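# Structural description and commentary
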Amino acid sequence: MKTIQKMYEHLYWANQRILETLQSIGDENQDVFRLFSHILLAEKVWITRLQGLDSSRLPIWSDVDIEVCTELVIQNEESLTTFLTNLANTDLDKLISYTNSKGKEFKNSIRDVLTHIALHGQYHRGQINSRLRAEGIEPVNIDFITFVR
């Protein structure tokens, strides 16, 4: 559980660093904003699934502005923190059932879903950094090792 907690502390930190960078550059690069909103919308979908609620109608890709992203960063952190606070080690291997946006049903362990959320976001934050560099903007250092220093 300590590893998962640390991964989520990193996730919150990395999302905040990307958000601050995007707030400083304006909305000139819509592709970067679309990737960041995808991270946040996907987090919301997975949080909803972890809560045992229907996520099938929630968007995963949507054009949202920086204000919506800011709200999602706050909401997702609060929801995930609450979920993790109430989660026992013995709960990690429990299965959750959910239906995706195409109507297909799945079951995964809470551990696997939490790992997926953290890795999915880091993958797309890497894409964001690649696009920032291509635009001549310094990428955001979101390395885990930087976070733990």
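Before reading on, note that the structure itself is shown above.
In this report, the structure presented in the accompanying data block is examined. In this text the structure is predicted, and so the values were computed from the model without any measurement. (Residues numbered from 1 in each chain as written. Predicted model: local features only at pLDDT ≥ 70, side-chain atom pairs only at ≥ 80, totals over all residues. Heavy atoms only, no water.)

### Focus on the packing of aromatic side chains
- Using the criterion set out here, one finds five aromatic pairs in the structure.
- Ring geometry for Trp 46 against Tyr 98: centres 5.1 Å apart, planes inclined by 75°, an arrangement best described as edge-to-face. Of this pair, Trp 46 sits in helix H2 (residues 30-50) while Tyr 98 sits in strand S1 (residues 95-99); the two residues are 52 residues apart in sequence, bridging distant segments of the chain. For the pair formed by Trp 46 and Tyr 98, the shared burial category is buried.
- Here Phe 144 and Phe 147 contribute two aromatic rings whose centre-to-centre distance is 6.0 Å and whose plane-to-plane angle is 45°, an arrangement assigned as tilted. Of this pair, Phe 144 and Phe 147 both sit in helix H5 (residues 144-148), three residues apart, which is roughly one turn of that helix.
- Under the relative-accessibility criterion, Phe 147 is labelled buried at 19%.
- Through a chain of ring-to-ring contacts, three or more aromatic side chains come together here, namely Trp 13, Phe 144 and Phe 147.
- Above the face of the Trp 46 ring, Arg 49 is positioned so that its terminal group lies 4.4 Å from the ring centre. (Phe/Tyr/Trp six-rings, centres within 6.5 Å; stacked < 30°, edge-to-face > 60°. Helix = DSSP H or I, 4+ residues; strand = E, 2+ residues; numbered from the N terminus. Buried < 20%, exposed > 50% of the residue type's maximum accessible area, 1.4 Å probe, protein only. Lys NZ or Arg CZ within 6 Å of the ring centre and 35° of its normal.)

### Some thoughts on the nonpolar core
- Grouped together as the largest cluster of nonpolar side chains are 21 residues, with contacts concentrated most on Ile 18, Leu 22, Phe 36, Cys 69 and Ile 128.
- Those elements giving two or more residues to this core turn out to be helix H1 (2-25), H2, helix H3 (66-85) and helix H4 (110-134).
- With near-sequence residues (within four places) excluded, Phe 36 lies in contact with Asn 15, Ile 18, Leu 19, Leu 22, Cys 69, Val 73 and Ile 128.
- Counting 19 residues, the second largest nonpolar core, distinct from the first, contains Trp 46, Leu 50, Val 113 and Ile 117. (Core = buried A, V, L, I, M, F, W, Y, C linked by side-chain atoms within 4.5 Å. Contact = heavy atoms within 4.5 Å.)

### Section: the pairing of S1
- Here S1 shows a buried face lined by Ile 96 and Tyr 98 and an unburied face lined by Leu 95, Ser 97 and Thr 99.
- By the bridge criterion, five bridges tie S1 to strand S2 (residues 105-109) in an arrangement that is antiparallel. Bridging across to S2, Tyr 98 finds its partner in Phe 106.
- The antiparallel hairpin formed by S1 and S2 contains five residues in its connecting segment, where Gly 103 sits at a positive phi of about 90°. (Pairing = 2+ DSSP bridges.)

### A short note on the pattern of salt bridges
- Summed over all chains, the structure comprises five salt bridges.
- The closest approach of N and O atoms between Lys 6 and Glu 9, which form a salt bridge, is 3.8 Å. You can see Lys 6 and its partner Glu 9 sitting in helix H1, three residues apart, about one turn around the helix.
- With relative accessibility at 35%, the residue Lys 6 sits in the partly exposed group.
- Overall, the relative accessible area of 38% leaves Glu 9 in the partly exposed class.
- Asp 31 serves as the salt-bridge partner of Arg 131, at 2.3 Å between the closest nitrogen and oxygen. Residue Arg 131 is located in helix H4, and its partner Asp 31 is located in helix H2; the two are separated by 100 residues in the primary sequence.
- Taking the relative accessible area as the measure of exposure, Arg 131 reaches 29% and is therefore partly exposed. (Salt bridge = Lys/Arg side-chain N within 4 Å of Asp/Glu carboxyl O.)

### Re the packing of H1 against H2
- The contact between H1 and H2 brings their axes to 11 Å, and the two run at 150°. By the angle between their axes, H1 is roughly antiparallel relative to H2. For H1 against H2, the interelement crossing comes out left-handed. Across from Leu 11, Asn 15, Ile 18, Leu 19 and Leu 22 in H1, the residues of H2 making contact are Val 32, Phe 33, Phe 36, Ile 39, Leu 40 and Glu 43. (Axes fitted to C-alpha atoms, helices over the stretch in contact; angles between N-to-C directions. Parallel < 35°, antiparallel > 145°, perpendicular 65-115°, else oblique. Left-handed = near helix turned anticlockwise from the far one by under 90°.)

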